Amino acid sequence: FGPGRTIGLLADRSASVTGVDVSAQMLRQATRRNANLIDTQRVSLTLNDGTRLPIEGDSADAVLSVHNIYFWPDPKTTTNEIARVLRPGRSRPRR
């Protein structure tokens, strides 16, 4: 989620947003920027490397990942995690 600018836009278009980032600095910035959405539980932000996403399987309608695959310690595992959390019938990542 980087500094969290897109989090608010996504929250305006969905019931809830779960953000995952590998950077503690980005978590701090995004948390400050989206404090109201976090307080109302429309947004949840997590420090995580993506190898085990803090999201139930088959529960996400969409996944957005921009300019960050090079930060993933194990891209194949993270791609598999993305596939795991997407609801059945949603587009799955290409392998």
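Here's what I pulled together on the structure shown here. Throughout this description, residue numbers start from 1 for each chain and increase along the sequence as written. Only residues with pLDDT of at least 70 get local features here, since the model is predicted, and only at 80 or more are side-chain atom pairs given and counted; chain-wide, interface and lining totals rely on the full set of residues. Heavy atoms from the whole structure form the basis of all side-chain values; hydrogens and water molecules are not counted.

1. Brief notes about the layout of surface pockets
Line of reasoning, step 1. For the largest pocket, the calculated volume is near 1,200 Å³.
Line of reasoning, step 2. In this analysis, the protein atoms alone were mapped onto a 1 Å grid. Cavities are point sets where a 1.4 Å probe fits without being able to get out; pockets are open sets with protein on both sides within 12 Å along at least five of seven lines; lining residues have an atom within 4 Å of a point. Along the wall of the largest pocket there are 39 residues; nearest its centre are Thr-18, Gly-19, Val-20, Val-63 and Leu-64.
Line of reasoning, step 3. Every helix listed is a DSSP run of H or I at least four residues long, and every strand listed is a run of E at least two residues long, numbered separately from the N terminus. If you tally residues by element for the lining of the largest pocket, the top one is strand E1 (residues 17–21), at 5 residues.
Line of reasoning, step 4. Taken together, the residues of the lining of the largest pocket sort by class into 20 nonpolar, 14 polar and 5 charged. Grid points are joined across faces, edges and corners, and a volume is the space filled by probe spheres set on the points. The nonpolar class holds Ala, Val, Leu, Ile, Met, Phe, Trp, Tyr, Cys and Pro. Asp, Glu, Lys and Arg form the charged class, and all remaining residues, Gly among them, are polar.

2. Things to note about the environment of Gln-25
Line of reasoning, step 1. Position of Gln-25 relative to the elements: it lies in helix H2 (residues 24–33).
Line of reasoning, step 2. Relative accessibility under 20% of the residue-type maximum defines a buried residue, over 50% an exposed one, and the middle range a partly exposed one, all with a 1.4 Å probe and only protein chains included. Take Gln-25: its relative accessible area is 45%, and that puts it in the partly exposed class.
Line of reasoning, step 3. Residues Gln-25 and Thr-77, spaced 52 residues apart in sequence, show a C-alpha to C-alpha distance of 24 Å.

3. Examining the side chain of Asn-48
Line of reasoning, step 1. For Asn-48, the position within the fold is in the loop between strand E2 (43–47) and helix H4 (75–85).
Line of reasoning, step 2. Polar contacts here mean pairs of N or O atoms no more than 3.5 Å apart (in protein, one a potential hydrogen donor and the other a potential acceptor; neighbouring residues in sequence count only if both atoms are side-chain atoms). A distance of 2.5 Å separates a polar side-chain atom of Asn-48 from the backbone nitrogen of Gly-50.
Line of reasoning, step 3. Excluding its chain neighbours within four sequence positions, the residues that come into contact with Asn-48 are Val-20, Asp-21, Val-22, Leu-53 and Pro-54. It only takes one pair of heavy atoms within 4.5 Å for two residues to be counted as in contact.

4. Here's the deal with unusual backbone geometry
Line of reasoning, step 1. Phi at Asp-58 is positive, roughly 55°, even though this residue is not glycine.
Line of reasoning, step 2. Structurally, Asp-58 can be placed in the loop between E2 and H4.
Line of reasoning, step 3. The exposure class assigned to Asp-58 is partly exposed, which follows from its relative accessible area of 41%.
Line of reasoning, step 4. The backbone of His-67 shows a phi angle near 50°, a positive value even though the residue is not glycine.
Line of reasoning, step 5. For His-67, the location among the structural elements is in the loop between E2 and H4.

5. Observations regarding the nonpolar core
Line of reasoning, step 1. Core analysis: the biggest nonpolar cluster contains 9 residues, these being Phe-1, Ile-7, Ala-11, Val-17, Met-26, Ala-30, Leu-37, Val-43 and Leu-45.
Line of reasoning, step 2. At the level of secondary structure, the elements contributing two or more residues to this core comprise helix H1 (5–12), H2 and E2.
Line of reasoning, step 3. Here, nonpolar core means buried Ala, Val, Leu, Ile, Met, Phe, Trp, Tyr and Cys residues that are tied together by side-chain atoms lying within 4.5 Å of each other. Within the second largest apolar cluster, 7 residues are counted, among which are Leu-53, Ile-55, Trp-72 and Val-85.

6. Brief notes about the environment of Ile-55
Line of reasoning, step 1. Residue placement: Ile-55 occurs in the loop between E2 and H4.
Line of reasoning, step 2. Setting aside residues up to four positions removed in sequence, Ile-55 forms contacts with Thr-18, Arg-84 and Val-85.

7. Some details on the side chain of Glu-81
Line of reasoning, step 1. Tracing the backbone shows Glu-81 in helix H4.
Line of reasoning, step 2. Taking the relative accessible area as the measure of exposure, Glu-81 reaches 7% and is therefore buried.
Line of reasoning, step 3. Within polar-contact distance, the side chain of Glu-81 engages the backbone nitrogen of Leu-53 at 2.6 Å.
Line of reasoning, step 4. Apart from the residues lying within four places of it in its own chain, the contact partners of Glu-81 are Gly-50, Thr-51, Arg-52 and Leu-53.

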